[in-house]
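Residues per chain are reported as follows:
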Amino acid sequence: MDKHSVQIKAGQGYKVSVGSGLLTQCGQDLVALLPSRRIAIITDSTVEKLYLPAARSSLEQAGFQVSSFSFPAGESSKTIYTLAQILEFLAAQQLTRQDCLAALGGGVVGDITGFAAGCYLRGIHYVQLPTTLLAAVDSSVGGKTAVDLRAGKNLAGLFIQPAAVICDTDCLATLPPAILADGMAEAVKTAILSGEAMFARFESGQIEAQQAEMILDCVRCKGAIVEADEFENGPRQLLNLGHTIGHAVEKCSNYQITHGHAVAIGTAIISRAAERLGFCRLPLAQRIEAVLRRCNLPIHSPFGVEELAAAALVDKKRRGNKLTLVIPHSIGDCRLHQIEIEQLATIIQAGMEDWA
Ligand SMILES: NC(=O)c1ccc[n+]([C@@H]2O[C@H](COP(=O)([O-])OP(=O)(O)OC[C@H]3O[C@@H](n4cnc5c(N)ncnc54)[C@H](O)[C@@H]3O)[C@@H](O)[C@H]2O)c1
Ligand SMILES: [Zn+2]
């Protein structure tokens, strides 16, 4: 394994490659890996214009017969309706079990393409070609796939690991700043889980200049967690740091606040709460807030305690009257706490009071 890739031991096992110029050579990388020479690229309307030609031509040069399907960019496309269109497209193209899908795009494309791969013909291969920072550091690895239902986000989906992840860091250059920041929120979350060595690089500001290294660090950390608990029965829940309150923020905003920005707010609130309720070694919240701010991310909720608590209680991870919350005790030591649902408002309150 070279220094630009990480091997993930989940599913059939797969390599995550990260670096400049990888999209133009994805064909030759995949030709050695896949059983057939047919591939369908699934992408969205924005990424289609920017990166479909390069991906297609690389795959064609390597001998693949390539078809492509694109849907309108944005979370509002992550539905069973788009999923149905993709499945009908695959059937019309007569893709077989030996063939492959390629998810070219951000987390929305990755989540829906993985879902399509998991259920078309009861499961075919897929690869991830992430083009957002969020997809690079988080969603392209780990095999969680989903679409949103009217009742809530990611409520239908399945676990299926990709056959490969190829992340061309050149694609990240065209991301608008707010979408880049979304990815940084998940990267900061991963650094808090990982430990002082990784978190210190965020504090020093070194990471902007070392984007590929940061992505590899995140993939290594997430990969290890996924390997230990592929189906999220235990430690994988740690990746939900900041997400219980983050999801509530997203929901209260009617999804106008994006996932990464909401997770940043959720992470800041749970860190302050951990500090005020005496769970953690000081200073913690201040350090986390400073890093989030450096990444141009918000750390305060525009919604009140009651509103957030009510929204959080319909979280799909709730089990009866209990909820598993990830509480940071220090950088590199986050723990799962089973709490009674009535305690949640108190915890959110602790994370929101005394604002300057
Ligand atoms: N499966 C998982 O483990 C996991 C983890 C975290 C988040 N997610 C999911 O990921 C989704 C969010 O992902 P996202 O933030 O990547 O959103 P996204 O896929 O909607 O991408 C954001 C926007 O950026 C555009 N875009 C993509 N690549 C671009 C590029 N290189 N240059 C310019 N524009 C580009 C897209 O067209 C879109 O408009 C959510 O649905 C969330 O639930 C999944
Ligand atoms: Zn997330």
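Residues numbered from 1 in each chain as written. Chains lettered and ligands numbered in written order. Predicted model: local features only at pLDDT ≥ 70, side-chain atom pairs only at ≥ 80, totals over all residues. Heavy atoms only, no water.

Undergrad: Mind laying out the overall build of the protein, listing which residues take part and the relevant values?
TA: Helix and strand counts for the protein come out as 13 helices and 11 strands. Projecting the C-alpha coordinates of the protein onto the three principal axes gives extents of approximately 60 × 40 × 35 Å. The 356 residues of the protein split such that 58% are buried. In the protein, once contacts between residues fewer than 6 apart in sequence are set aside, the share between residues at least 24 apart is 74%. Per element, the accessible surface of the protein, about 14700 Å² overall, is 52% carbon and sulfur. (Helix = DSSP H or I, 4+ residues; strand = E, 2+ residues; numbered from the N terminus. Buried < 20%, exposed > 50% of the residue type's maximum accessible area, 1.4 Å probe, protein only. Contact = heavy atoms within 4.5 Å. Areas by Shrake-Rupley, 256 points an atom, 1.4 Å probe, with all protein chains shown as cover.)

Undergrad: Go over the layout of surface pockets with me, naming the residues and quoting the values.
TA: In this structure, the second largest pocket encloses a volume near 290 Å³. Around the second largest pocket sit 14 residues that line it, and Gln-12, His-125, Gln-161, Pro-162 and Ala-163 are the ones nearest its centre. Looking at the lining of the second largest pocket residue by residue, the class counts come to 8 nonpolar, 6 polar and no charged. (1 Å grid on protein atoms, 1.4 Å probe; cavity = no way out; pocket = protein on both sides within 12 Å on 5 of 7 lines; lining within 4 Å. Points joined across faces, edges and corners; volume = space filled by probe spheres on them. Nonpolar A, V, L, I, M, F, W, Y, C, P; charged D, E, K, R; others polar.)

Undergrad: Which residues make up the pairing of strand E3 (residues 38–44), and what values go with them?
TA: By the criterion of burial, E3 is predominantly enclosed, with 7 of the 7 residues buried. Inspection of the sheet shows E3 paired to strand E4 (residues 65–71) by 7 bridges, in the parallel sense. Along E4, the bridge assignment pairs Asp-44 with Phe-71. Regarding topology, helix H2 (residues 45–61) serves as the crossover connection from E3 to the parallel E4, and that connection is right-handed. (Pairing = 2+ DSSP bridges. Right-handed = clockwise from strand over helix to strand, strands pointing away.)

Undergrad: Break down the site of ligand 1 for me, citing the residues and quoting the values.
TA: Around ligand 1 sit 26 residues in total, of which Asp-44, Glu-75, Thr-131, Thr-132 and Thr-174 are the nearest. Take Lys-222: an N or O atom from its side chain is 3.5 Å from an oxygen atom of ligand 1. Alone, ligand 1 offers 870 Å² of accessible surface; in the complex the protein occludes 89% of this. Broken down by element, the shell around ligand 1 gets its largest block of residues, 4 residues, from H2. Class assignment for the residues of the shell around ligand 1 results in 9 nonpolar, 8 polar and 9 charged. (Near = heavy atom within 4 Å. Polar contact = N/O pair within 3.5 Å; in protein donor to acceptor, adjacent residues only side chain to side chain.)

Undergrad: Before we move on, could you go through helix H9 (residues 243–252) and cite the residues and values that matter?
TA: Along an α-helix, residues three or four apart share an orientation, since each turn contains 3.6 residues. Of all 10 residues making up H9, 7 are buried, and the element is well covered by its neighbours. Residues of H9 that are buried include every one of His-243, Thr-244, Ile-245, Gly-246, Ala-248, Val-249 and Glu-250, and no others. At its buried positions, H9 is contacted by strand E8 (152–156), helix H6 (177–194), helix H10 (259–276), helix H12 (305–312), strand E10 (322–330) and helix H13 (343–352). Backbone geometry just downstream of H9 places Asn-254 in the positive-phi region, at approximately 55°.

Undergrad: Outline a nonpolar patch on the surface, listing residues and values.
TA: A cluster of nonpolar side chains, namely Ile-80, Tyr-81, Leu-149 and Leu-155, defines an oily patch on the protein surface of about 370 Å² accessible area. Within the fold, Leu-149 resides in strand E7 (residues 147–149). Judged by its relative accessible area of 34%, Leu-149 is partly exposed. (Patch = residues over 30% accessible without salt bridge, like charges linked within 9 Å, V, L, I, M, F, W, Y side chains within 5 Å. Salt bridge = Lys/Arg side-chain N within 4 Å of Asp/Glu carboxyl O.)

Undergrad: An account of the sheet that holds strand E1 (residues 5–8) is needed here, citing residue identities and associated values.
TA: Taking strand neighbours across the sheet as the criterion, the 7 strands line up as E1-E2-E9-E6-E5-E3-E4 in an open arrangement whose pairing is mixed. Pairing within the sheet leaves two strands with one partner each, and these edge strands are E1 and E4. Neighbour to neighbour, the strand axes of the sheet diverge by 15° on average, direction disregarded. Here 2 bridges tie strand E6 (residues 125–130) to strand E9 (residues 164–168), and the two strands are oriented parallel to one another. Residue pairing for E9: Val-127 is matched across the bridge by Ala-164. Contacts from H2 reach E3, E4 and strand E5 (100–105), with the element oriented near 160° to E3. Those strands touched by helix H8 (residues 211–228) are E1, strand E2 (14–19) and E9, and its axis lies near 10° from that of E1. (Axes fitted to C-alpha atoms, helices over the stretch in contact; angles between N-to-C directions.)

Undergrad: Could you give an account of the pattern of salt bridges, with specific residues and numbers?
TA: Counted under the stated rule, the structure contains 17 salt bridges. Glu-186 is the salt-bridge partner of Lys-189, the closest N and O atoms lying 3.0 Å from each other. Placement of both Lys-189 and Glu-186 in helix H6 is noted, with a separation of 3 residues, approximately one turn of the helix. Residue classification places Lys-189 among the buried positions, given a relative accessible area of 2%. Salt-bridge contacts for Asp-217 lead to Arg-220; the nearest nitrogen and oxygen are separated by 3.0 Å. Note that Asp-217 and Arg-220 are positioned in helix H8 at a spacing of 3 residues, about one turn of the helix. The exposure class assigned to Asp-217 is buried, which follows from its relative accessible area of 16%.

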